[in-house]
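What follows is each chain in one-letter form.
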Amino acid sequence: MVIFKSLGESPAGDQIKWTDGKYHYKQDKFLGEAMSEYLCSLFLQASNCPIPYIPYRLDSNPSVCKSPSYKPNFTFISFYSIVRREVKKGNIDKVNSLERWEKLVWRRLSSVDKVEYVCSLFKKLGVSRNDTITYLTCMVELDTLVLNIDRHLNNFGVRYNRSRNSYEPMFLFDNGISLCVGNGVFGSLRDMRNTRKIKMQPFSTSLHRNRSCLPEFRFAFDVREFVKLLDSTNTFGKQFIKVSTQYSVFKSRLAIVYHTDINGINILNYLEENGY
């Protein structure tokens, strides 16, 4: 399965990315990354997500997704960068490098203690524990649903709000290596759908332990709103969505993890009744 070279690196490597000032664009390195970003974004929108997130849409090329630029109003500072700053300042006892921090501190913590460690470093920047827990809970709940194997320590953190001159939890973003993207590279499609075999991040490699270290939570997913969003934003037709591996995995995960939506509607039945 996935091999992690470093806690601060993606197993997938870097995508081709560019900006036109108004939008950020990302091109697939592995087939389905743009689709995965798109589906996760629609799910959050159809769930009235309680925290800010970055919306993604498919571009005119379906292997490219785009999102509104959050710059220059916000600056992203990853958790790994926060740790790097603390190490450089000598604020972590007996640690003088990120490698030693990974070995002597992070890897020795339980999943619950890792959550508390994140809270403590965010607090130094003025982010409350309650805001941090809410952010991490939404992030990990989404990751659990969509089987995001790429939530490394450079993939979450805080944002600096220039207008308020303060730090806040980062927007939910970067869900491209989800929904079995990279099958054949990171493993077989069957193994990547097997929740006992996949390797999660950032608090535990176990899907269950990675999720259970945070409070109980379910998104208020509305399947009728999701279908409306698909119909209004998908310019490639229903068949394009239906034959996508990522959509097939997404649909099955919704059926298994949520089964019914916030209104008690059977999710799988409703999607199929509406041509999805």
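Residues numbered from 1 in each chain as written. Predicted model: local features only at pLDDT ≥ 70, side-chain atom pairs only at ≥ 80, totals over all residues. Heavy atoms only, no water.

Interhelical geometry of helix α2 (residues 79–88) versus helix α4 (residues 111–123) gives an angle of 70 degrees and a closest axis separation of 11 Å. Comparing their axes, α4 and α2 come out roughly perpendicular. The two elements α2 and α4 meet at a crossing, and its hand is left-handed. Between α2 and α4, the contacting residues are Phe79, Ile82, Val83 and Glu86 on the first element and Tyr117, Val118, Leu121 and Phe122 on the second. Class assignment of the residues belonging to the contact of α2 with α4 gives a composition of seven nonpolar, no polar and one charged. (Axes fitted to C-alpha atoms, helices over the stretch in contact; angles between N-to-C directions. Helix = DSSP H or I, 4+ residues; strand = E, 2+ residues; numbered from the N terminus. Parallel < 35°, antiparallel > 145°, perpendicular 65-115°, else oblique. Left-handed = near helix turned anticlockwise from the far one by under 90°. Contact = heavy atoms within 4.5 Å. Nonpolar A, V, L, I, M, F, W, Y, C, P; charged D, E, K, R; others polar.)

On to unusual backbone geometry. The residue after Lys71, namely Pro72, is reached through a cis peptide bond having omega 5 degrees. By secondary structure assignment, the location of Pro72 is in the loop between β4 (64–68) and β5 (74–78). Cis rather than trans, the peptide bond between Gln201 and Pro202 has omega equal to 0 degrees. The residue Pro202 is located in the loop between α6 (189–192) and α7 (207–212) in this model. Here the phi dihedral of Asn48 falls at roughly 50 degrees; this positive angle occurs in a residue that is not glycine. Along the polypeptide, Asn48 turns up in the loop between α1 (33–45) and β3 (57–58).

What follows covers the nonpolar core. Phe43, Phe79 and Trp101 are the most contacted members of the largest nonpolar core, which has 82 residues in total. Per element, the largest residue contribution to this core is nine residues, and it comes from helix α5 (residues 129–146). Other than its neighbours up to four places away in sequence, Phe43 contacts Leu142, Leu145, Phe219, Phe221, Phe226, Phe250, Leu254 and Tyr258. (Core = buried A, V, L, I, M, F, W, Y, C linked by side-chain atoms within 4.5 Å. Buried < 20%, exposed > 50% of the residue type's maximum accessible area, 1.4 Å probe, protein only.)

Right, let's talk about the packing of aromatic side chains for a bit. Inspection of the entire model under this criterion finds 25 aromatic pairs. Of note, Arg159 hangs over the ring of Phe171, and the distance from its end group to the ring centre comes to 4.2 Å. (Phe/Tyr/Trp six-rings, centres within 6.5 Å; stacked < 30°, edge-to-face > 60°. Lys NZ or Arg CZ within 6 Å of the ring centre and 35° of its normal.)

Let's shift gears to the sheet that holds β4. Reading across from one edge, β1-β2-β4-β3 is the order of the four strands in this open sheet, with antiparallel pairing throughout. Each end of this open sheet is capped by a strand with a single partner; those strands are β1 (16–19) and β3. As defined by bridge partners, β3 adjoins β4 across two bridges and the pair is classed as antiparallel. Bridge pairing in β4 places Arg57 opposite Lys66. (Pairing = 2+ DSSP bridges.)

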